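Reading the structure
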Amino acid sequence: GLQGIRPEECDSVVIAGMGGEKITAILAAAPWTAEGRHTLLLQPMTRAEELRKFLAEHRYAIRRERFVFDRGTIYPVIETGAGKMCLSPGELWGGTAPLRDPLRDRYLVERIIRLTGAIAGLSRSRREEDLEKADALREVVTALLSMREEGRRANGS
């Protein structure tokens, strides 16, 4: 983490190669990263939606987001710093990369497929909270489909 690092010792911080929940814990333990003097480059391997939600709720703003492809997997790379932002459910799950990012459509499709599988599993449950979660995820899938269509129109496909 960032324990032992004083804010004045750096102007940029890279946290990469771990899950969004771990990156969130590292940032939560170093609140000085939200003060506005540092650029953060974050590359979550999993649970990017949790990281984006944390950023929105804790005085960070995403400045840029792009996708990278490594060994068959697409990962988001997020540049963030101090600020305020509000993200839609689609942006929480699908990211804020520009419409013309060449990996954006594939990333959205992968999220849609993964969430559709989760919805199918939750829908088989008899527990009310699982059914409510399935409904919430259906709304996310609808938002991701809309984002995908917007990108397709912008790219002329």
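Described below are features of the structure shown in this document.

What the rule picks out here adds up to two aromatic pairs. Note on phenylalanine 54 and tyrosine 60: the rings are 6.0 Å apart at their centroids and 35° apart in plane angle, and the pair reads as tilted. Each member of the pair, phenylalanine 54 as well as tyrosine 60, carries the same accessibility label: buried. The ring of tyrosine 107 has arginine 111 lying over it, and the distance from NZ or CZ to the ring centre is 4.3 Å.

In this sheet, strand β4 (residues 73-82) lies alongside strand β3 (residues 60-70) in antiparallel orientation, the contact comprising 10 bridges. Residue pairing across strands places arginine 66 opposite valine 77, the latter belonging to β4. The turn joining β3 and β4, which pair antiparallel and follow one another in sequence, is formed by two residues; a positive phi near 50° is taken by arginine 71.

Thresholds applied
Residue indices follow the written sequence of each chain, beginning from 1 at its first position. Only residues with pLDDT of 70 or above have their local features reported here, since the model is predicted, and side-chain atom pairs are shown and tallied only from 80 upward, although totals for entire chains, interfaces and linings are computed over all residues. Here the side-chain values reflect all heavy atoms present in the structure, with hydrogen atoms and water set aside. Note on aromatic contacts: the rings of Phe and Tyr and the six-membered ring of Trp form a pair at centre separations within 6.5 Å, being stacked when their planes are under 30 degrees apart, edge-to-face when over 60 apart, and tilted otherwise. Here's how the labels work: a residue is buried when its accessible area is under 20% of the maximum for its type, exposed when over 50%, partly exposed in between, all with a 1.4 Å probe on protein chains only. A ring is scored as having a charge over it whenever the NZ atom of a lysine or the CZ atom of an arginine sits within 6 Å of its centre and within 35 degrees of its normal. A pair of strands is treated as paired once DSSP finds two or more bridges between them. Each helix corresponds to a stretch of at least 4 residues labelled H or I by DSSP, and each strand to a stretch of at least 2 residues labelled E; elements are numbered beginning at the N terminus.

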